[in-house]
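Understanding the architecture of this molecule
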Amino acid sequence: MSAATGIFAVLVLVFLVVGLAGTVFWLWALVDVLRRPDQQYTAAGQNKVLWLLVVLLGHFIGALIYLLVARPQLERAAAPRY
């Protein structure tokens, strides 16, 4: 096995792992969008259908945007108020 073949094999493995991790993250975000009740989105001033489309069509980037923008607002809306 030459050095170039070894480097190529490592790069393929890295791309496969990163791709799998990105897909798992995307699926997690998709499930998170779907499991939250509509009332929680309303209370947070968000739109469930819009976020579903962002995550569904945006794959990793859409899931990342959802995680950084919508999810914190949804968590605050779900938190009990004392």
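For the structure itself, look to the data block above.
All values reported here derive from a predicted model rather than from experimental measurement. Just so you know, the residues in each chain are numbered from 1, in the order the chain's sequence is written. With pLDDT at 70 or above as the cut-off, local features in this predicted model cover only qualifying residues; side-chain atom pairs require 80 or more to be listed or tallied, and sums for whole chains, interfaces and linings still use all residues. Excluded from the side-chain calculation are hydrogens and water; included are all heavy atoms of the structure.

A run of DSSP states H or I qualifies as a helix once it reaches four residues; a run of E qualifies as a strand once it reaches two. Both are numbered from the N-terminal end. Looking only at helices and strands, the chain has three helices and zero strands in total. Along the chain, helices and strands appear, N-terminal first, in the series α-α-α. Note that the radius of gyration is over C-alpha atoms, with the globule rule given as 2.2 Å times the number of residues to the power 0.38. The C-alpha atoms of the chain give a radius of gyration of 18 Å, which is well past the 12 Å a tight globule of 82 residues would have. The dimensions of the chain, computed from C-alpha atoms along their principal axes, are 65 × 25 × 15 Å.

Note that soluble globular proteins tend to have their nonpolar side chains buried in a common cluster. Take the buried residues of types Ala, Val, Leu, Ile, Met, Phe, Trp, Tyr and Cys, join any two whose side-chain atoms come within 4.5 Å, and each joined set is a nonpolar core. A simple rule labels every residue: compare its accessible area, found with a 1.4 Å probe on the protein chains alone, to the largest value its type can have, and call it buried under 20%, exposed over 50%, or partly exposed in between. Judged by nonpolar contacts, the single largest core of 14 residues is most densely connected at Y41, V55, Y66 and L74. Elements supplying a minimum of two residues to this core: α1 (3-35), α2 (38-44) and α3 (48-78). Here the element with the most residues in this core is α3; it accounts for seven residues. Note on definitions: a residue-residue contact is assigned when non-hydrogen atoms from the two residues lie within 4.5 Å. Leave out the neighbours within four places in its chain, and Y66 touches A29, D32, V33, R36, Y41, W51, V55, R71, P72 and L74.

The next subject is the pattern of salt bridges. One side-chain nitrogen of Lys or Arg within 4 Å of one carboxyl oxygen of Asp or Glu is enough to make a salt bridge. One pass over the full model with this rule turns up six salt bridges. When the shortest N-O distance is used, the salt bridge between R35 and D32 registers 3.1 Å. Placement of the pair is R35 and D32 together in helix α1, with a separation of three residues, close to one helical turn. A salt bridge links D32 to R71; the shortest N-O distance between them is 3.2 Å. In this pair, D32 is assigned in helix α1 and R71 in helix α3, connecting sequence segments 39 residues apart. Through salt bridges with shared partners, a single ionic network connects D32, R35, R36, R71 and E75.

Here we come to α3. In this scheme, a helix's expected span is set at 1.5 Å multiplied by one less than its residue total. Here α3 spans only 14 Å end to end across 31 residues, well under the 45 Å set by a 1.5 Å rise per residue. Along α3, the helix axis deviates most sharply at H59, where the bend reaches about 145°. Those residues of α3 hidden inside the fold are in contact with α1 and α2. In this structure N47 caps α3, since a side-chain oxygen of it lies 2.9 Å from the backbone nitrogen of V49. The term bend refers to the angle at a residue between two fitted axes, each drawn through seven residues, those ending there and those starting there. Polar contacts, as used here, are pairs of N or O atoms within 3.5 Å; protein pairs need one atom able to donate a hydrogen and one able to accept it. Residues neighboring in sequence count only if both atoms are side-chain atoms.

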